[in-house]
Amino acid sequence: MIKRIANKSAAQGFIRSRLPELTSEEVKFIQGTSDFFGLNHYSTYIVYRIESSPEIHPVPSFSDDLDIIAYQLPEWKIGRSNFTKYVPWGFRALFNSISHQYGNPPIFVTENGFASHGGINDEDRVTYYRGYLNALLDAIGDGVDIRGYTAWSLMDNFEWMRGYTERFGLYEVDYNDPNRTRTPRKSAYVLKEIMRTRSIDPNYEPDMNQPLAIDDGH
């Protein structure tokens with residue numbers, strides 16, 4: 001990456017690389033100082049190197065610097081949204097890649113979640129979380145040092161360029177209500193049961209008429 005962007009920067013007329021280079025002293029100072037690897041992950045892409053169409057992306061740009069074309073398969077879509085796709089095997093592969101490249105560091109999944117267009121019975125999100133958590137367990141079985149996992153997100157939020165059109169929350173926020181009422185989705189009940197039992201039951205069906213509360217000391 002360092003060499004590629006330096007070469008591209010020179011070809012684009014920049015007097016220095018657009019990616020600032022660390023000095024040898026800076027490299028020595030920070031090397032080995034990280035405590036863990038924090039991972040945000042939502043989906044997977046298939047990529048191939050650009051050879052016949054080197055100027056397919058704007059120049060300069062993040063996409064051009066990658067020198068790849070990325071795409072997703074239509075069968076990976078399990079809900080209405082095109083924002084995130086269901087590819088749990090990619091999650092496992094990424095864990096193993098990080099473990100191999102960086103000497104199996106402790107990994108904390110700091111964000112992992114699924115986009116929808118709203119609705120309380122979010123079966124697509126339930127499928128996503130069950131599949132991705134099973135992939136995480138498979139990676140642990142592979143020997144990857146995974147220490148923690150955070151579902152993204154607790155409730156719907158403003159999602160950058162998607163605004164309020166894409167929903168990531170375990171709790172649905174009613175943006176038409178001045179009080180911004182929050183209602184637990186089915187995925188909230190399912191994840192609570194996973195945490196309570198420390199197991200993933202693919203057949204578990206929650207009683208969504210019961211209040212969602214943390215009890216029994218869990």
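Look above for the structure.
Residues numbered from 1 in each chain as written. Predicted model: local features only at pLDDT ≥ 70, side-chain atom pairs only at ≥ 80, totals over all residues. Heavy atoms only, no water.

Asker: Looking at this structure, how should I read the overall build of the chain?
Answerer: When helices and strands are tallied, the chain shows six helices and seven strands. Taking the principal axes of its C-alpha atoms as reference, the chain extends roughly 65 × 40 × 35 Å. Across the 218 residues in the chain, those meeting the buried criterion constitute 36%. A fraction of 59% describes how many contacts in the chain between residues 6 or more apart in sequence connect residues 24 or more apart. Counting every atom, the chain has about 14,100 Å² of accessible surface; 54% of that belongs to carbon and sulfur. Side-chain charges in the chain split into 23 positive and 29 negative, and the spacing between the mean points of these groups amounts to 2 Å. (Helix = DSSP H or I, 4+ residues; strand = E, 2+ residues; numbered from the N terminus. Buried < 20%, exposed > 50% of the residue type's maximum accessible area, 1.4 Å probe, protein only. Contact = heavy atoms within 4.5 Å. Areas by Shrake-Rupley, 256 points an atom, 1.4 Å probe, with all protein chains shown as cover. Lys, Arg positive; Asp, Glu negative; His and termini not counted. Charge placed at Lys NZ, Arg CZ, Asp CG, Glu CD.)

Asker: So what exactly am I meant to see when it comes to the layout of surface pockets here?
Answerer: One number sums up the size of the largest pocket: a volume of about 630 Å³. In terms of lining residues, the largest pocket is bounded by 24 residues, among which Leu 133, Tyr 149, Leu 191, Ile 194 and Met 195 are the most central. Element by element, the count of residues in the lining of the largest pocket is highest for strand β5 (residues 146-151), at six residues. Residues belonging to the lining of the largest pocket are distributed by class as follows: 18 nonpolar, three polar and three charged. (1 Å grid on protein atoms, 1.4 Å probe; cavity = no way out; pocket = protein on both sides within 12 Å on 5 of 7 lines; lining within 4 Å. Points joined across faces, edges and corners; volume = space filled by probe spheres on them. Nonpolar A, V, L, I, M, F, W, Y, C, P; charged D, E, K, R; others polar.)

Asker: Explanation requested: the side chain of Ser 153 in the structure shown.
Answerer: Along the chain, Ser 153 turns up in the loop between β5 and β6 (171-173). Ser 153 sits in the buried class, given a relative accessible area of 9%. Discounting residues that sit within four places of it in the chain, Ser 153 has contacts with Tyr 129, Phe 168, Gly 169 and Leu 170.

Asker: Quick question: what am I supposed to make of the sheet that holds β5 here?
Answerer: Across the sheet, three strands lie side by side as β1-β4-β5; this open sheet has parallel pairing. Strand pairing shows two members of the sheet lacking a second neighbour, β1 (37-41) and β5, which therefore form its edges. Neighbour-to-neighbour, the strand axes of this sheet turn through a mean angle of 20°, independent of strand direction. In the sheet, β1 pairs with strand β4 (residues 107-112) via five bridges, with the strands oriented parallel. (Pairing = 2+ DSSP bridges. Axes fitted to C-alpha atoms, helices over the stretch in contact; angles between N-to-C directions.)

Asker: Quick question: what am I supposed to make of the packing of aromatic side chains here?
Answerer: One pair of aromatic rings is described through two measures. These are the centre distance and the angle between the planes. A full pass over the atoms with the stated rule returns 15 aromatic pairs. Residues Phe 91 and Phe 95 carry aromatic rings whose centres are separated by 4.5 Å and whose planes lie at 45° to one another, so their mutual orientation is tilted. With Phe 91 and Phe 95 both in helix α4 (residues 88-102) and four residues apart, the pair spans about one turn of that helix. The class for Phe 91 is buried, based on a relative accessible area of 0%. Owing to a relative accessible area of 0%, Phe 95 belongs among the buried residues under this scheme. (Phe/Tyr/Trp six-rings, centres within 6.5 Å; stacked < 30°, edge-to-face > 60°.)

Asker: Teacher, can you tell me more about helix α5 (residues 123-141) here?
Answerer: Over its 19 residues, α5 extends 27 Å from the first C-alpha to the last, a length consistent with the 27 Å expected when each residue adds 1.5 Å. Those residues of α5 that sit buried are Asp 124, Arg 125, Val 126, Tyr 128, Tyr 129, Arg 130, Gly 131, Tyr 132, Leu 133, Ala 135, Leu 136 and Ala 139. The inward-facing, buried residues of α5 abut β1, α4, β4, β5 and α6 (186-197). The positive-phi residue at the C-terminal boundary of α5 is Gly 143, with phi of around 105°. (Expected span 1.5 Å × (residues − 1).)

None of this, on its own, says anything about what the molecule does.
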